[in-house]
Amino acid sequence: MGKYYQPEIETASREEILRIQNEKIVKQVKHVYENVPYYRDLMDKKGVKPEDIKSVDDIKKLPFLSKADLREAYPYGLLATDLKNCVRIQSTSGTTGKRVVAFYTQNDIDIWEECTARAIVAVGGTEDDVCQVCYGYGLFTGGAGLHGGSHRVGCLTLPMSSGNTERQIQFMMDLGSTILCCTPSYAAYIGETLAEMGYKPEDNKLKAGIFGAEPWTEEMRRNIEESLGIKAYDIYGLTEISGPGVSFECEEQRGMHINEDHFYAEIIDPDTGEALPEGSKGELVFTALDKEAFPLLRYRTRDICVLTREKCSCGRTHVRMCKPMGRSDDMMIIRGVNVFPSQIETVLLNQGYTPNYQIIIDRKNNSDTFDINVELKPEFFSDIVSENLAKEKKLESAMRTMLGIGPKIHLVPPKSITRSEGKAVRVIDKRKLHD
Ligand code: ADP
Ligand code: ZN
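Residues numbered from 1 in each chain as written. Chains lettered and ligands numbered in written order. Predicted model: local features only at pLDDT ≥ 70, side-chain atom pairs only at ≥ 80, totals over all residues. Heavy atoms only, no water.

Draft legend 1. The domain arrangement of the protein chain, seen in detail. On domain assignment, one finds that the protein chain holds domain 1 (7–328) and domain 2 (333–429). When each unit is reduced to the centre of its C-alpha atoms, the spacing between domain 1 and domain 2 is 30 Å. Carbon and sulfur atoms make up 53% of the surface buried where domain 1 meets domain 2, a total of about 1600 Å² over both sides. When the buried surface of domain 1 facing domain 2 is broken down by residue, Tyr-189, Thr-217 and Glu-219 rank first, second and third, together holding 27% of it. Scanning the region where domain 1 abuts domain 2 turns up three salt bridges. (Domains from an automatic or database assignment. Buried area = accessible area lost by both parts, 1.4 Å probe. Salt bridge = Lys/Arg side-chain N within 4 Å of Asp/Glu carboxyl O.)

Spelled out as structure tokens, the structure:
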């Protein structure tokens, strides 16, 4: 296996990519209009006909779809083909509410697996690799997505699913896993457990990790790379558009290449819906160009992101997206100030703490309260109250500098915050209970 899984398309010229996209969008809009009454109604209401869409430049004429539409149309309302042509159902994790389901034809699965295979080859994966997949299997797309890609590349695939961390480590050591696929929070937990079991980072055979499905910071990347002795790569995706592999990082580790031959990306202003020029920060919107069963057009991800067409040294020509800065709905508004969990993670890891923390927001006497429980490393743990108080004050002041608002920090004993085996739950917003 070379440097790319599908070199021709991954390094195609801009003109060639545009040609493919233009050809696909015309067919796709027709397919959706004819087969999805729900979307046809939205187009009719907007006064757009399939003939109006002649190239991807015309995509901005189309109506948006949002998670609310998916919930309203649940389960079959956005299905574009007969159920008998479908071979698979997957579902979102339900991180922000009721789960939505997505359908796949065999062709949809093939495309999806090609995308994850591109991601695996991009981190150096070949048929000589042992690829341990510890994303959850089942309805969640993580396990199935990377599993399929690993098979296509020809890696020896270890379908572990998530959980049972000691067993994960036993297999990793006994069978010499070289590529690890899981959420970044689970990777951090595996790294922590390895150290507790007495292993050093160089004791394992891992060379790379493909971590995604949740936001993670550069500081977290360094933490994982050190504890596992690997290179840690990001992968992005969402069930609604297919699953992991909508975009993936290359050896540059600077943004994820979007598989543009299958997914058309836009950045919009989340308030006005207006399409923004390249390089602007805004909400990421995807159009699936060739999905058959569940082809969403202009789906609003709520992920806040920036796209760049800056040339990449890896030779891939597909547009890159930055690490999503958290979803627009991850953003907390605390006493009127916008706060992202990723900012908190950055401060904690920079100050030498672990990625084990929990943010608790509540409302008392009409004012928001903002508390962060932060776990101490065993070597920093102290019984001396004044020492802990001083550490809390130092962290509070670093947070205030970063966030523009001061949380109350509570240092808690090692191991007291539950570890995540899938997507970590970092925020408990109790204000929602009172509303
Ligand atoms: P849910 O929306 O219920 O979590 P999914 O399991 O399909 O459903 O997750 C998709 C979402 O996960 C994305 O919209 C995005 O918010 C988040 N996500 C996926 N990959 C990444 C990543 N690499 N970095 C940050 N966020 C990610
Ligand atoms: Zn690249």
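Draft legend 2. Region of the structure containing the site of ligand 1. The local shell around ligand 1 holds 21 residues, among which Ser-93, Thr-95, Ile-235, Thr-239 and Asp-303 are the closest. In this structure, Lys-423 approaches ligand 1 through a side-chain N or O atom, which is 2.8 Å from an oxygen atom. Relative to its unbound accessible surface of 560 Å², ligand 1 loses 98% to contact with the protein. Considering every element that reaches the shell around ligand 1, the biggest residue donor is strand S7 (residues 231–237), with four residues. In the shell around ligand 1, the residues fall into seven nonpolar, seven polar and seven charged. (Near = heavy atom within 4 Å. Polar contact = N/O pair within 3.5 Å; in protein donor to acceptor, adjacent residues only side chain to side chain. Areas by Shrake-Rupley, 256 points an atom, 1.4 Å probe, with all protein chains shown as cover. Helix = DSSP H or I, 4+ residues; strand = E, 2+ residues; numbered from the N terminus. Nonpolar A, V, L, I, M, F, W, Y, C, P; charged D, E, K, R; others polar.)

Draft legend 3. Looking closely at the layout of surface pockets. Of the voids in this model, the second largest pocket is the one considered here, and its volume is about 900 Å³. Taken together, 41 residues line the second largest pocket, and the ones lying closest to its centre are Glu-192, Asn-223, Thr-354, Pro-355 and Asn-356. Broken down by secondary-structure element, the contributors of at least two residues to the lining of the second largest pocket are helix H8 (184–196), helix H9 (218–228), helix H10 (341–350) and strand S16 (357–364). The residue inventory of the lining of the second largest pocket, partitioned by class, reads 17 nonpolar, 11 polar and 13 charged. Two domains each put at least three residues into the lining of the second largest pocket: domain 1 (7–328) and domain 2 (333–429). (1 Å grid on protein atoms, 1.4 Å probe; cavity = no way out; pocket = protein on both sides within 12 Å on 5 of 7 lines; lining within 4 Å. Points joined across faces, edges and corners; volume = space filled by probe spheres on them.)

Draft legend 4. Structural view of the sheet that holds strand S18 (residues 408–412). An order of S18-S17-S16-S19 is seen for the four strands of this open sheet, with the pairing classed as mixed. Every interior strand has two partners, whereas the edge strands, S18 and strand S19 (427–429), have only one. The sheet shows a mean angle of 20° between the axes of neighbouring strands, taken without regard to direction. Alignment of S16 against strand S17 (residues 367–375), held across eight bridges, turns out to be antiparallel. Bridge pairing in S17 links Arg-363 to Asp-368. (Pairing = 2+ DSSP bridges. Axes fitted to C-alpha atoms, helices over the stretch in contact; angles between N-to-C directions.)

Draft legend 5. Main features of the pattern of salt bridges. Using the criterion set out here, one finds 34 salt bridges in the structure. Its salt-bridge partner being Lys-67, residue Glu-240 comes within 3.1 Å of it at the nearest N-O pair. Taken as a pair, Glu-240 in the loop between S7 and strand S8 (244–249) and Lys-67 in helix H4 (residues 67–72) lie far apart in primary sequence, 173 residues in all. Across the pair, exposure class does not vary: Glu-240 and Lys-67 are buried alike. (Buried < 20%, exposed > 50% of the residue type's maximum accessible area, 1.4 Å probe, protein only.)

Draft legend 6. Here's a closer look at the sheet that holds strand S3 (residues 130–133). Reading across from one edge, S4-S3-S5-S6-S7-S8-S9-S13-S12-S11-S10 is the order of the 11 strands in this open sheet, with mixed pairing throughout. Edge positions in the sheet fall to strand S4 (156–159) and strand S10 (263–268), since each has one partner strand and no second. Pairing of strand S9 (residues 256–258) with strand S13 (residues 320–321) involves two bridges; the strand directions are antiparallel. Counted as the bridge partner of His-257 is Arg-320 from S13. Relative to the sheet, helix H5 (residues 106–122) contacts strand S5 (179–182), strand S6 (208–212), S7, S8 and S10, its axis offset from that of S8 by approximately 20°. (Contact = heavy atoms within 4.5 Å.)

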